[in-house]
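Listed here are the chains, written in short residue letters.
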Amino acid sequence: MAEHLPNVLVDDMDDAVAISDLADQVMKAADREGISSDEISGEVGIVFEVVLEAMKNRAGGEGG
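Our subject in this report is the structure included herewith. Here the residue index of a chain counts from 1 through its sequence in written order. Side-chain atom pairs in this predicted model are given and counted only at pLDDT of 80 or more, local residue features only at pLDDT of at least 70, and totals for whole chains, interfaces and linings cover all residues. Each side-chain value is derived from all of the structure's non-hydrogen atoms; neither hydrogens nor water enter the calculation.

### Re the overall build of the chain
Then step 1. What counts as a helix is a DSSP run of H or I of at least four residues, what counts as a strand is a run of E of at least two, and both are numbered from the N terminus. Looking only at helices and strands, the chain has three helices and zero strands in total.
Then step 2. If you list the helices and strands of the chain from N to C, you get α-α-α.
Then step 3. Partly exposed describes any residue whose relative accessible area lies between the buried limit of under 20% and the exposed limit of over 50%, with all areas from a 1.4 Å probe on protein chains only and scaled to the type maximum. Counting all 64 residues of the chain, 22% fall into the buried class.
Then step 4. Of all intrachain contacts in the chain linking residues separated by at least 6 positions in sequence, the fraction that spans at least 24 positions is 62%.
Then step 5. When the accessible surface of the chain is totalled, it reaches about 4600 Å², and 48% of it is carbon and sulfur. We call two residues contacting when some pair of their heavy atoms lies within 4.5 Å. Only the protein chains shown count as cover for residues, and the accessible areas themselves come from Shrake-Rupley with a 1.4 Å probe.

### Considering the nonpolar core
General note: in soluble globular proteins, nonpolar side chains tend to be found buried as a group.
Then step 1. In this structure, I19, L22, A23, A30, I40, V47, V51, L52 and M55 together form the largest nonpolar core, which totals nine residues.
Then step 2. Broken down by secondary-structure element, the contributors of at least two residues to this core are α1 (16-32) and α3 (47-58).
Then step 3. Setting aside its immediate chain neighbours within four residues, I40 contacts M27, A30, I35, G45 and V47. We define a nonpolar core as any set of buried Ala, Val, Leu, Ile, Met, Phe, Trp, Tyr and Cys residues linked to one another through side-chain atoms lying within 4.5 Å.

### Considering α3
Then step 1. To estimate the expected span of a helix, subtract one from its residue number and multiply by 1.5 Å. If you check α3, its first and last C-alpha atoms are 16 Å apart, about what twelve residues at 1.5 Å a residue would give, namely 16 Å.
Then step 2. Those residues of α3 not exposed but buried are V47, V51, L52, A54 and M55. Each buried residue of α3 sits inside an arc of 165 degrees when the element is viewed along its axis, so together they form one side.
Then step 3. Against α1 and α2 (37-44) lie the buried residues of α3. The arc in question is traced by the directions running from the helix axis to the C-beta atoms.

### Regarding the packing of α1 against α3
Helix-helix packing: each pair is described by the crossing angle between the helix axes and the interaxial distance.
Then step 1. Axis definition: a line fitted to C-alpha atoms, over the contacting stretch in the case of helices. Angles run 0 to 180 degrees between N-to-C directions. Relative to each other, α1 and α3 sit at 115 degrees, their axes nearing to 9 Å. When the interaxial angle is binned, α1 and α3 end up roughly perpendicular. Crossing of α1 against α3: the hand is right-handed. For the pair α1 and α3, the contacting residues are A16, I19, S20, L22, A23, V26 and M27 in the first and V47, F48, V51, L52 and M55 in the second. Put simply, angles under 35 degrees are roughly parallel, angles over 145 are roughly antiparallel, angles from 65 to 115 are roughly perpendicular, and the rest are oblique. If you view the pair so one helix is near and one far, a crossing is left-handed when the near helix is turned anticlockwise from the far one by less than a right angle, and right-handed when it is turned clockwise.

Here is the structure:
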């Protein structure tokens, strides 16, 4: 997922506001494609956590 994130600079990887905004963008993009939030939650769980992990991986941090 990290390679699909927009070029957003986040000084602090724990910046909940920036990550929340990215998660909202993900959900809006999915909605435009006809993918329901229930379907996404069923597949990946909490989108915020997925984006947080992707940002950590993209920044070269620890990742799972």
